[in-house]
Amino acid sequence: MSAAPEFELDEQYNYPVPPPGGWTTDDVDRLPNLPRHTELIDGSLVFVSPQTKFHFRTMRLLETALLDQAPDELDVFREFAVRLNKRNRPEPDVLVVPTGVDTGAKESWLDPKDVILAVEVVSEDSVERDHEVKPRKYAAAGIPHFWLVEKNDGLPVVYVYELDPVAKSYALTGIYHDKLTLSVPFHIDIDLTTINRRRPV
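Residues numbered from 1 in each chain as written. Predicted model: local features only at pLDDT ≥ 70, side-chain atom pairs only at ≥ 80, totals over all residues. Heavy atoms only, no water.

Notes on the pairing of strand β12 (residues 188-191)
Side chains I188 and I190 project from β12 onto a buried face, and the interleaved D189 and D191 project onto a face without burial. As judged from the four bridges shared by strand β11 (residues 179-182) and β12, these two strands associate in the antiparallel manner. Its bridge partner lying in β12, K179 is registered against D191. The turn linking β11 back onto β12 is made up of five residues. (Buried < 20%, exposed > 50% of the residue type's maximum accessible area, 1.4 Å probe, protein only. Helix = DSSP H or I, 4+ residues; strand = E, 2+ residues; numbered from the N terminus. Pairing = 2+ DSSP bridges.)

Here it is, written out as structure tokens:
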């Protein structure tokens, strides 16, 4: 049994009604008035909840550090869609891609073959998607590196995974508290305790 919603929609609000078989990735660009950062998972539209301060600051910390440390041939995107297939278009929180990567006809999505690293910061409403659904789909699409970020005592904890290309699944290579130091996909050194600083050092 679920509780009644604590909000009311305007009487003029029209829910998008999916066609038989569900929505496709092309539909996401065509549908009017979708909320920002709407994802497509298995043909269903997923609307994100309001962002928390932890989520925002974690994305900012990772994006800033990765931009600063990535070699010139790599770029960093935040909250940008990846078109995995016809029925799946998730939007990872942070991505590492080649510089000048193709972003589709409407410049609104990436091809998974161009994604080097996908990062998901777990939100209260996205636990199952971030832990189970998205990693499985990213691995099946061949994305070589995946990070899952959880909150622990106000600080990010980063679970680092690498793709087993034969099994098409991720293997955990490390869990990082306080400091994230890696040699792949390039040399990375991030002080996770600086999440609340305006300009991490």
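Considering the pattern of salt bridges
This structure, assessed with the given rule, holds 12 salt bridges. Across the salt bridge formed by D42 and K137, the nearest N and O atoms sit 2.7 Å from each other. On the criterion of sequence distance, the pair formed by D42 in the loop between β1 (39-41) and β2 (44-46) and K137 in helix α3 (residues 127-140) is long-range, its members being 95 residues apart. With a relative accessible area of 36%, D42 lands in the partly exposed category. Taking the shortest distance from any N to any O, the salt bridge between R78 and E79 comes out at 4.0 Å. Here R78 falls in the partly exposed class, since its relative accessible area comes to 29%. In this structure, a network of salt bridges that share partners links the residues E39, E120, D130 and K134. (Salt bridge = Lys/Arg side-chain N within 4 Å of Asp/Glu carboxyl O.)

Side note on the pairing of strand β5 (residues 94-98)
By the criterion of burial, β5 is predominantly enclosed, with four of the five residues buried. Two strands pair when backbone bridges link them, and strand β3 (residues 74-78) and β5 are joined in this way by five bridges, in the antiparallel orientation. Opposite R78, over in β5, you have V94 as the bridge partner.

Here we look at the nonpolar core
Side chains of a nonpolar character, in soluble globular proteins, are inclined to be buried together. Judged by nonpolar contacts, the single largest core of 27 residues is most densely connected at L66, V96, W147, V158, L180 and I190. Of all the secondary structure elements, the ones that give two or more residues to this core are α2 (53-69), β3, β5, β7 (117-121), β8 (145-152), β9 (155-164), β11 and β12. Ranked by residue count, the leading element in this core is α2, at six residues. Ignoring sequence-local partners within four residues, the contact set of L66 consists of V76, V94, V96, L117, W147, F186 and I188. F77, V97, F146 and L163 belong to the second-largest nonpolar core, a separate cluster that totals 19 residues. (Core = buried A, V, L, I, M, F, W, Y, C linked by side-chain atoms within 4.5 Å. Contact = heavy atoms within 4.5 Å.)

Description of the confidence of the model for the protein chain
When the pLDDT values of the protein chain are averaged, the result is 92; 92% of them are 70 or greater. Here residues 1-5 is a poorly scored stretch, pLDDT under 50, and it has zero contacts once near neighbours within four places are set aside; other chains count. (pLDDT = per-residue confidence, 0-100.)

A word on the environment of P92
Topologically, P92 is positioned in the loop between β4 (81-82) and β5. Residue class for P92 comes out buried when judged on its relative accessible area of 0%. Separated by 103 residues in the primary sequence, P92 and I195 have C-alpha atoms spaced 19 Å apart. Those residues in contact with P92 that lie beyond four places of it in its chain are E79, F80, V82, A118, V119, E120 and Y138.

Points about the layout of surface pockets
Empty space within the largest pocket amounts to approximately 550 Å³. As for the largest pocket, its lining consists of 25 residues, of which V48, S49, H55, S123 and D125 are closest to the centre. Of all the secondary-structure elements, those providing two or more residues to the lining of the largest pocket are α2, β7, α3 and β8. Among the elements that line the lining of the largest pocket, the one with the most residues is α3, at three residues. Per-class residue counts for the lining of the largest pocket are five nonpolar, seven polar and 13 charged. (1 Å grid on protein atoms, 1.4 Å probe; cavity = no way out; pocket = protein on both sides within 12 Å on 5 of 7 lines; lining within 4 Å. Points joined across faces, edges and corners; volume = space filled by probe spheres on them. Nonpolar A, V, L, I, M, F, W, Y, C, P; charged D, E, K, R; others polar.)

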